[in-house]
Amino acid sequence: MEQLNAKKSKFDYSWVIIAVCFLVVGVSLGFCSSGRTMYLNAITEALGFGRGAFSLNDTFRFASTTIINIFFGTLVNKFGIKKLVCAGFMCLISFALINSYADQLWQFYIGGILLGVGLAWTSTTMVGAVINIWCKEENRGKFTGLILSANGLFGAIAVQIISPIIYQEGNAFGYRDSYRLVAIILAVVLALVVIFLKDRPKGAEKTVIKKKVKKARGRGWVGMEYKSIVKKPYFYLACACIALTGMTLQGLGGIATPHMYDVGLAKPLVASITSLSSLIMMFTKIFIGFMYDKKGIRITMNICFICSFISQISLVAITNTPLGIGLAYGRIVFAAIALPLETVMLPLYASELFGNKSYMSVLGVFTAVNYAGYAVGAPFGNLIFDITGSYNIAFIIFGSLMLFIAISMQFVVKASRKDRALIEQEENTEATCEKKKPSLFKELNGIKK
């Protein structure tokens with residue numbers, strides 16, 4: 001009994017894993033991704049690059065992330081989570097150092113590729129893999145939301161740390177000092193990853209202990225083989241919806257701020273709206289995770305879809321008036337609830353729709369198509385602006401796409417649940433047969449005697 005009590009009181013190492021992942025996501029996304037827009041003016045002005053040519057590094061970034069995520073399942077099975085996260089941080093450190101010394105466009109493009117590879121192994125896909133291994137099924141939603149919320153917190157912190165360094169008075173190359181500081185921060189976090197991150201709980205490969213728990217709506221299931229998944233038409237519909245979601249939300253992220261400038265809102269006002277949006281997003285990611293655990297996938301995603309639609313259409317009505325400014329502030333709440341569709345919801349989609357058996361592979365594909373959507377979102381919105389002289393048509397198109405996505409995903413969830421019911425029924429039948437075998441053998445032995 002004393003040994004059992006000692007085991008029960010033993011510290012749960014999964015909390016250390018969650019803390020490390022929170023730090024990994026916060027630093028990688030907050031300092032390397034969220035803060036990248038702050039460098040645009042400084043670099044192009046210091047080196048005389050055109051903004052369009054320089055922004056191609058984002059295209060290289062998203063392309064590399066897309067390609068890497070397609071093979072994520074294979075890579076994580078071969079090398080393990082810890083090695084991939086460490087490799088990701090090495091790529092991010094290289095990205096920061098290259099950008100701190102680069103003076104040619106092609107050098108920044110190489111930096112963009114390294115950034116994409118690094119984030120593929122240190123952000124959304126990695127979180128999904130870690131949560132799947134370390135957290136109980138009934139808690140996966142809330143912990144996924146909690147870890148990914150680090151992006152909002154660290155993004156707000158990064159703005160305060162990096163911005164004064166980039167725009168040093170009398171130093172046009174202050175951005176180089178900023179990149180070197182980021183490289184140091186990344187190196188410190190890498191050291192913590194090496195010390196504390198583990199691939200899986202001790203003994204997890206040998207035994208799996210099932211405990212009776214209160215049923216949660218967002219629970220995993222045995223799932224399908226990947227070769228069966230790729231034969232399902234709704235798998236491709238889900239991929240299309242996720243790609244269009246990435247295109248829509250990333251497109252809005254790239255043009256919402258310029259739109260507010262275009263309608264006459266002051267730059268300090270827009271900056272305060274943007275900062276507040278990051279902080280609200282931190283809490284909405286946690287909220288969406290809790291919502292999934294309590295209410296399931298359909299209610300959760302529909303809340304996100306409705307908020308996304310309201311967020312996009314309301315942009316058309318923003319003006320430089322007290323009512324328009326109030327609308328701009330109110331809109332960020334809806335936008336923050338919608339954004340988990342491209343982060344928190346990806347691991348939850350993979351687990352809910354296709355189960356645990358091919359989870360890593362499906363998550364990699366979902367993340368890949370999501371980033372493919374990223375790559376075309378903002379350029380599409382800016383192309384509409386070049387043609388029409390306004391972003392309003394882009395907002396209407398994005399809103400219409402989100403309506404299509406919301407309707408299509410209802411069919412995806414319905415089809416998935418039908419297959420899930422059949423698979424779970426087969427599992428239960430097999431389990432029942434296995435239980436009956438011993439008694440059957442006893443009866444046969446009795447007949448022989």
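Rules of the game
- Residues numbered from 1 in each chain as written.
- Predicted model: local features only at pLDDT ≥ 70, side-chain atom pairs only at ≥ 80, totals over all residues.
- Heavy atoms only, no water.
- Helix = DSSP H or I, 4+ residues; strand = E, 2+ residues; numbered from the N terminus.
- Areas by Shrake-Rupley, 256 points an atom, 1.4 Å probe, with all protein chains shown as cover.
- Salt bridge = Lys/Arg side-chain N within 4 Å of Asp/Glu carboxyl O.
- Buried < 20%, exposed > 50% of the residue type's maximum accessible area, 1.4 Å probe, protein only.
- Polar contact = N/O pair within 3.5 Å; in protein donor to acceptor, adjacent residues only side chain to side chain.
- Axes fitted to C-alpha atoms, helices over the stretch in contact; angles between N-to-C directions.
- Parallel < 35°, antiparallel > 145°, perpendicular 65-115°, else oblique.
- Left-handed = near helix turned anticlockwise from the far one by under 90°.
- Contact = heavy atoms within 4.5 Å.
- Nonpolar A, V, L, I, M, F, W, Y, C, P; charged D, E, K, R; others polar.
- Patch = residues over 30% accessible without salt bridge, like charges linked within 9 Å, V, L, I, M, F, W, Y side chains within 5 Å.
- Expected span 1.5 Å × (residues − 1).
- Core = buried A, V, L, I, M, F, W, Y, C linked by side-chain atoms within 4.5 Å.
- Phe/Tyr/Trp six-rings, centres within 6.5 Å; stacked < 30°, edge-to-face > 60°.
- Bend = angle between axes of the 7 residues up to and from the residue.
- pLDDT = per-residue confidence, 0-100.

## Some details on the overall build of the chain
- Of the regular secondary structure elements, the chain holds 20 helices and 0 strands.
- Accessible surface, the chain as shown: approximately 21500 Å² in total, 65% of it carbon and sulfur.

## As for the pattern of salt bridges
- A complete count under the given rule lists 6 salt bridges for this structure.
- D177 is the salt-bridge partner of R180, the closest N and O atoms lying 3.8 Å from each other. Taken together, the residues span about one helical turn, with R180 and D177 both in helix 12 (residues 174–196) at a distance of 3 residues.
- Take D177: its relative accessible area is 33%, and that puts it in the partly exposed class.

## A few points about the side chain of S14
- Relative to the helices and strands, S14 resides in helix 2 (residues 14–33).
- Note on S14: relative accessible area 7%, which makes it buried.
- Among the polar contacts made by the side chain of S14, one reaches the side chain of D12 at a distance of 2.8 Å.

## Section: the packing of helix 7 (residues 81–101) against helix 8 (residues 105–120)
- Where helix 7 contacts helix 8, the two axes come as close as 8 Å, and the packing angle between them is 160°. As far as their axial angle goes, helix 8 and helix 7 are roughly antiparallel. Regarding helix 7 and helix 8, the two cross each other, and that crossing is left-handed. The residues of helix 8 that touch helix 7, namely those facing G88, C91, L92, S94, F95, I98 and N99, are Q107, F108, I110, G111, L114, L115, V117, G118 and L119.
- Across the contact of helix 7 with helix 8, the residue classes break down as 10 nonpolar, 6 polar and no charged.

## Regarding the packing of helix 16 (residues 297–315) against helix 18 (residues 345–354)
- Running from N to C, helix 16 and helix 18 point in directions that differ by 145°, and their axes come no closer than 11 Å. In this structure, helix 16 crosses over helix 18, and the sense of that crossing is left-handed. Contacts between helix 16 and helix 18 involve I297, T300, M301 and F305 from the first element and M345, L348, Y349 and E352 from the second.
- Grouping the constituent residues of the contact of helix 16 with helix 18 by class yields 6 nonpolar, 1 polar and 1 charged.

## Comments concerning a nonpolar patch on the surface
- A grouping of I306, F309, I310, I313, V333, F334, L403, I407 and F411 is seen on the molecular surface, where their side chains present a nonpolar patch of about 780 Å² in accessible area.
- Every element with two or more residues in the nonpolar patch is listed here: helix 16, helix 17 (322–338) and helix 20 (392–448).
- At 4 residues, helix 16 tops the list of elements feeding residues into the nonpolar patch.
- If you trace the backbone, I310 turns up in helix 16.

## Some points on helix 2
- For helix 2, which comprises 20 residues, the first-to-last C-alpha distance of 27 Å matches the rise-based estimate of 28 Å (1.5 Å per residue) to within 8%.
- Burial analysis of helix 2 places 17 of its 20 residues in the buried class, which makes it a mostly covered element.

## Looking at the nonpolar core
- The biggest cluster of nonpolar side chains holds 107 residues, and the ones touching the most others in it are Y349 and F366.
- Among the elements that take part in this core, helix 2 stands out by supplying 12 residues, more than any other.
- Setting aside chain neighbours within four positions, we find Y349 in contact with I242, I297, M301, F305, L341, F354, F366 and M409.
- In terms of nonpolar packing, the next biggest core, distinct from the first, is built from 18 residues, L252, I255, A328 and I384 among them.

## Some points on the packing of aromatic side chains
- With the rule as written, the count across this model stands at 19 aromatic pairs.
- Ring centres of F62 and Y374 lie 5.5 Å apart, and the angle between their planes is 75°; this geometry places the pair in the edge-to-face category. Here F62 is found in helix 5 (residues 56–70), whereas its partner Y374 is found in helix 19 (residues 359–388), with 312 residues between them in sequence.
- The rings of Y226, Y234, F235, Y236, F354 and F366 are connected pair by pair, giving a single aromatic cluster.

## Topic: helix 11 (residues 150–166)
- Between its first and last C-alpha, helix 11 extends 23 Å over 17 residues, near the 24 Å set by a 1.5 Å rise per residue.
- Helix geometry: helix 11 is bent most strongly at V159, by close to 30°.
- Within helix 11, burial applies to A150, N151, G152, F154, G155, A156, A158, I162 and I166.

## Some thoughts on the environment of L279
- Within the element layout of this structure, L279 appears in helix 15 (residues 267–295).
- Residues L279 and F154, 125 residues apart in the sequence, show an inter-C-alpha distance of 9.3 Å.

## Some details on the confidence of the model for the chain
- When pLDDT is averaged across the chain, the result is 83; 88% of the residues are at 70 or more.
- Ranking the helices and strands of the chain by mean pLDDT puts helix 7 first, with 95, and helix 1 (residues 2–8) last, with 47.
- Here residues 206–216 scores under 50 on pLDDT; set against residues more than four positions off or in separate chains, the count is 4 contacts.

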